[in-house]
Amino acid sequence: MRDVRTERDEIEEAVAGRTIATALARTVADHGGEPAFSDKVGIDGPGWRTLTWQQTRDRGLDVAAALVDLGVAPGDRVAIMASNRLEHVLADIGAMHAGAVAM
């Protein structure tokens, strides 16, 4: 059996300095043209819509720029009221890149 403290220290070393934003950027670099997220458009809508990793990051950065333009500052809270859909993911990514706290 491994020592829990040793295992925890190894995990901390492996993730030191990494953030969700850097993980997203790395995923875009490695898999930018591949599908990232899909959601259904309405119950009887035209079907599914899908964004690639690159599109997801680009749109998230657009949301971040819009939030900053609206006056959102690092540490501000941004409330997201959305169902489980692409817009929720993009709002969360945008808030994170703006330095805000999504809630």
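So, here's what we can say about the structure. (Residues numbered from 1 in each chain as written. Predicted model: local features only at pLDDT ≥ 70, side-chain atom pairs only at ≥ 80, totals over all residues. Heavy atoms only, no water.)

1. Notes on the packing of helix H3 (residues 53-69) against helix H4 (residues 86-97)
Put simply, the rule is: Each axis is a line fitted through C-alpha atoms, and for a helix only the stretch in contact is used; angles between axes span 0 to 180 degrees, taken between their N-to-C directions. To qualify as a helix, a DSSP run of H or I must reach at least 4 residues; to qualify as a strand, a run of E must reach at least 2; elements of each kind are numbered from the N terminus. Any angle between 65 and 115 degrees counts as roughly perpendicular, while under 35 counts as roughly parallel, over 145 as roughly antiparallel, and the rest as oblique. Helix crossings get a hand from a simple test, with the near helix turned counterclockwise from the far one by less than a right angle marking a left-handed crossing and a clockwise turn marking a right-handed one. Throughout, a contact is declared for two residues whenever any of their heavy atoms are within 4.5 Å.
Orientation of H3 relative to H4, taken along the N-to-C sense of each, is 60 degrees, at an axis distance of 7 Å. In terms of orientation, H3 and H4 fall into the oblique class. At the point where H3 passes H4, the crossing takes the right-handed sense. Contact residues: Thr56, Arg59, Gly60, Leu61, Val63, Ala64 and Leu67 in H3; Leu90, Ala91, Ile93, Gly94, Ala95 and His97 in H4.

2. Examining the side chain of Thr56
Along the chain, Thr56 turns up in helix H3. Excluding residues within four positions of it along the chain, Thr56 makes contact with Ala36, Phe37, Leu51, Leu90 and Ile93.

3. Let's talk about the nonpolar core
Nonpolar side chains tend to gather and get buried jointly when the protein is soluble and globular. Spelled out, the test is: Nine residue types can take part in a nonpolar core, namely buried Ala, Val, Leu, Ile, Met, Phe, Trp, Tyr and Cys, and a core is a set of them joined through side-chain atoms within 4.5 Å. Exposure classes here rest on a 1.4 Å probe applied to the protein chains alone. A residue is buried below 20% of its type maximum, exposed above 50%, and partly exposed in between.
Ranked by size, the top nonpolar core spans seven residues in total: Ala64, Leu67, Val72, Val78, Ala95, Ala98 and Ala100. Not counting residues up to four positions away in its chain, the partners in contact with Ala98 are Ala64, Leu67, Val68, Ala73 and Pro74.

4. Side note on the environment of Ala79
Summarising the element assignment, Ala79 is placed in the loop between strand S3 (77-78) and H4. We classify Ala79 as exposed; its relative accessible area is 57%. On a C-alpha basis, the gap between Ala79 and Ala95 in space is 9.4 Å, while along the polypeptide they are 16 residues apart.

5. Side note on the pattern of salt bridges
Our working rule: Salt bridges are defined by distance alone: a side-chain nitrogen of Lys or Arg within 4 Å of a carboxyl oxygen of Asp or Glu.
The final tally for this structure, using the stated rule, is four salt bridges. The partner of Arg49 in a salt bridge is Asp39, with the nearest N and O atoms 2.6 Å apart. Residue Arg49 is found in strand S2 (residues 47-52), and its partner Asp39 is found in strand S1 (residues 35-41); the two are separated by ten residues along the sequence. The class of Asp39 is buried, set by a relative accessible area of 6%.

6. Topic: helix H2 (residues 20-31)
Given 3.6 residues to a turn, an α-helix orients residues that are three or four positions apart in the same direction. Defined as follows: The span expected for a helix works out to 1.5 Å for each residue beyond the first. Each polar contact in these results corresponds to two N or O atoms within 3.5 Å; when the atoms are within protein, one needs to be able to donate a hydrogen and the other to accept it, and residues that are neighboring in sequence are counted only if both atoms are side-chain atoms.
With twelve residues, H2 should reach 16 Å at 1.5 Å per residue; the first-to-last C-alpha distance of 16 Å fits that figure. Where H2 begins, one side-chain oxygen reaches toward the backbone nitrogen of Ala21, 3.3 Å away; that side chain belongs to Thr19.

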